[in-house]
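Spelled out, the chains give:
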Amino acid sequence: MVDHRDFMRLAIAQARTGLANGEQPFGTVIASNNKIVFQTYSQKVALCDPTAHAETLAVRAASQRLRRTLGDCILYTTCEPCPMCLGAMLNAGLKRLVLGARLRDLSAVNPVFAFGNYSAENFAALLAWNLEVTSGILTEECIELYRQASVPLTR
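Residues numbered from 1 in each chain as written. Predicted model: local features only at pLDDT ≥ 70, side-chain atom pairs only at ≥ 80, totals over all residues. Heavy atoms only, no water.

> What should I look at first to understand the packing of helix α3 (residues 54-66) against helix α4 (residues 83-92) in this one?
At their nearest, the axes of α3 and α4 sit 9 Å apart, and the two run at 20° to each other. By the criterion of interaxial angle, the relationship of α3 to α4 is roughly parallel. Viewed along their axes, α3 and α4 form a crossing whose handedness is left-handed. Contact residues: α3 offers Glu55, Thr56, Val59 and Ser63, while α4 offers Met84, Cys85, Ala88, Met89 and Ala92. Its residues placed into classes, the contact of α3 with α4 shows six nonpolar, two polar and one charged. (Axes fitted to C-alpha atoms, helices over the stretch in contact; angles between N-to-C directions. Helix = DSSP H or I, 4+ residues; strand = E, 2+ residues; numbered from the N terminus. Parallel < 35°, antiparallel > 145°, perpendicular 65-115°, else oblique. Left-handed = near helix turned anticlockwise from the far one by under 90°. Contact = heavy atoms within 4.5 Å. Nonpolar A, V, L, I, M, F, W, Y, C, P; charged D, E, K, R; others polar.)

> Any chance you could explain the pairing of strand β4 (residues 96-101) here in plain terms?
Each regular strand displays side chains that alternate between the two surfaces of the sheet. Of all the six residues making up β4, five are buried; the element is thus mostly covered by neighbouring parts of the structure. Bridge count for strand β3 (residues 73-79) against β4 is five bridges, and the pairing is parallel. Looking at the pairing, Thr77 lines up with Leu99 of β4. Of the crossover connections in this fold, the one passing from β3 over α4 to the parallel β4 is right-handed. The pairing of β4 with strand β5 (residues 132-134) spans three bridges and is classified as parallel. Considered in β5, the bridge of Val98 is made with Thr134. (Buried < 20%, exposed > 50% of the residue type's maximum accessible area, 1.4 Å probe, protein only. Pairing = 2+ DSSP bridges. Right-handed = clockwise from strand over helix to strand, strands pointing away.)

Purely geometric numbers; function is a separate question.
Here's what the structure looks like:
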């Protein structure tokens, strides 16, 4: 049985590494068969690339590493993915997503996270994508990352 908390702790560690490197605190781990395929943090600042979200970087690297789609993988992330990241996940064939903090959880920390009624489930339903979402995994620890952020938070 997979303990989602173990992989979420790794995603949180990635986010903390990002914070230490002057990045926004987004961390992601992709796992398959209870083993890490790839893990990273957001690199928007260092790469001067607005698409260098942790999730898109992880999806790209995991797909290249495995040389196939990611249908048997689980993506763990400290924050609910934006539409761009979910689009990358859809195109990579991912079917399972595990969340730390929801965007609605973070909107009290910073209004940049106020996405209205947006959710990963709503996005998936719009596209008839059978995405299994597990949320509430180490949520408070994930929210704390965004309270500590010194880089202006944007998605």
